[in-house]
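# Examining the three-dimensional arrangement
Here is how the chains run, residue by residue.
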Amino acid sequence: MNIDLSEENKLIRQLAKSFAEKEILPKIKEYEQKRRFPRDIIRKMGEQGFYGACFPEKYGGSELGFLNLAIIAEEISRVSASIGSTFNAQSMTVPFTILNWGTEVQIEKYVPKLIGGEWIGFFGLTEPGGGSDAAGSMKTRAILDGNEYVVNGQKVFASYASVADVGLLFAKTDPDAGHKGISAFIIQMDRPGIEAKDISMSSLGNLTKTCELFLTDYRIPKENLLGNEGEGFKIAMNALDYGRLTIPARSVGLAQACLEAAIQYCNERVVGGHKIGEYQMIQKLIADMTVEIEAARLLTYKSAYLKDKGAATTRESSHSKYFAAEVVWRAAQAVYEIYGGYALADEYPINQYLAYAGLFRTGEGSANIQRILIAEDALGWKDANRHNMKRRFSLKSDIF
Ligand SMILES: Cc1cc2nc3c(=O)[nH]c(=O)nc-3n(C[C@H](O)[C@H](O)[C@H](O)COP(=O)(O)OP(=O)(O)OC[C@H]3O[C@@H](n4cnc5c(N)ncnc54)[C@H](O)[C@@H]3O)c2cc1C
């Protein structure tokens, strides 16, 4: 593995950085304050080929590959964790899962519009009974009635559901079959029987539109089943496998934002006649952040590199997700400490950094769930890559 980025990777970083600084930075505060959903920014990111980095050109993809996707998600999240959050639903968990499991008709109908930022997607797995045991706690039920499934149940924390056009929904088709009784569906929001209610999350800036979702006799045409009946859990795990590339990349970007804010403040704030950066206990915080962020970045790029090789990477996704989320959590606490009382002032983004860092530790398999997966693999009890979750399509950017 070459740990130098290629000229292409550097150009992509520059492109994403300049997009974030020109198209996101000047607008984002106003969008958050007015709770205005950034549909226009999402569309522009789609047009830039950012969401389509890991998709074949024939479905509207830009074929930049996984490492470039990680770099793009990192640079966007450095400027706005809220906009960075769109990468999962617009790039990985929804369209990439359809690409991996869908029929040609499903791929052609949904993928280009999602990665182009024309349609908004959501991923409906978590239920109120507990996200860490998604399969065990699932109560949402889908019953086949002629050519349609009739769905009743409730989801929670479904990001973007209230503004979405389409989503992936997981429901039990055979409640007695455990994991094997779950099925996955592509659903449209313009049908009766579905209602999304925003959960207010002002600490995150109110743009992630995290929702409760209520389904009452909601009907899904049979052709919208994704994969086969009973494959839903495998499909959800596969979706999270790829989602766990963007979460560490977003964590690294946000951690970098924490470090940059900390460095600026250390050089500006004078207390007791000294810049606070001159105090050695503050320097320890800066040193730890600097080195840990670089280590998290390398682990993230390693996982992306292996994905570019077409390898199964459940283990590496988990390593990088776990470590990068711990690093951003520590970086957010460090910058919070460095800003003293000003960390709480709305004028600074420090509170939001901490909230997003907390989300990165919890979402897509909490820190504890990653610890379990990593330890059981290391102990030789359960090979993390045993399901061999490889992707289905090759890309021009693949490394052979
Ligand atoms: C802002 C936001 C956006 C989200 N977006 C989505 C989305 O788009 N789609 C979606 O489906 N979900 C989404 N989620 C849900 C997210 O994936 C869950 O919050 C996560 O899986 C944890 O589930 P939970 O919150 O129910 O916590 P719980 O499962 O109740 O866990 C609570 C605590 O107990 C710990 N714990 C649980 N089980 C164990 C165990 N076996 N061993 C040790 N510790 C354990 C956990 O680590 C955690 O610390 C989102 C969540 C948030 C906050």
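Residues numbered from 1 in each chain as written. Predicted model: local features only at pLDDT ≥ 70, side-chain atom pairs only at ≥ 80, totals over all residues. Heavy atoms only, no water.

- Per an unreviewed UniProt entry, the protein goes by the name Acyl-CoA dehydrogenase and belongs to Aneurinibacillus danicus.
- Its UniProt record, at the heading Sequence similarities (unreviewed entry), says of the protein: "Belongs to the acyl-CoA dehydrogenase family."
- Database annotation for the protein, UniProt heading Catalytic activity (unreviewed entry): "a 2,3-saturated acyl-CoA + A = a 2,3-dehydroacyl-CoA + AH2". (UniProt positions renumbered as here; feature names shortened; annotations may be inferred.)

### Things to note about the overall build of the protein
- Regarding its fold elements, the protein presents 12 helices and 10 strands.
- Relative to its length of 400 residues, the protein is compact, with a C-alpha radius of gyration of 21 Å against a globular reference of 21 Å.
- Dimensions of the protein, computed from C-alpha atoms along their principal axes, come out at roughly 80 × 45 × 40 Å.
- A buried classification covers 54% of the 400 residues belonging to the protein.
- Here the contacts in the protein between residues at least 6 apart in sequence split such that 75% fall between residues at least 24 apart.
- Just so you have it, the protein exposes about 17,100 Å², and 52% of that area is on carbon and sulfur atoms.
- Charge centroids of the protein, computed over 47 positive and 49 negative side chains, lie 1 Å from each other. (Helix = DSSP H or I, 4+ residues; strand = E, 2+ residues; numbered from the N terminus. Rg over C-alpha atoms; globule rule 2.2 N^0.38 Å. Buried < 20%, exposed > 50% of the residue type's maximum accessible area, 1.4 Å probe, protein only. Contact = heavy atoms within 4.5 Å. Areas by Shrake-Rupley, 256 points an atom, 1.4 Å probe, with all protein chains shown as cover. Lys, Arg positive; Asp, Glu negative; His and termini not counted. Charge placed at Lys NZ, Arg CZ, Asp CG, Glu CD.)

### A closer look at unusual backbone geometry
- One non-glycine residue, Asn-206, lies in positive phi territory at about 65 degrees.
- Mapped onto the secondary structure, Asn-206 falls in the loop between strand S6 (194-198) and strand S7 (210-221).
- Taking the relative accessible area as the measure of exposure, Asn-206 reaches 14% and is therefore buried.
- Of note in the backbone geometry, Lys-209 takes a positive phi value of approximately 50 degrees without being a glycine.
- As for its position among the elements, Lys-209 is in the loop between S6 and S7.
- For Lys-209, a relative accessible area of 14% corresponds to the buried category.

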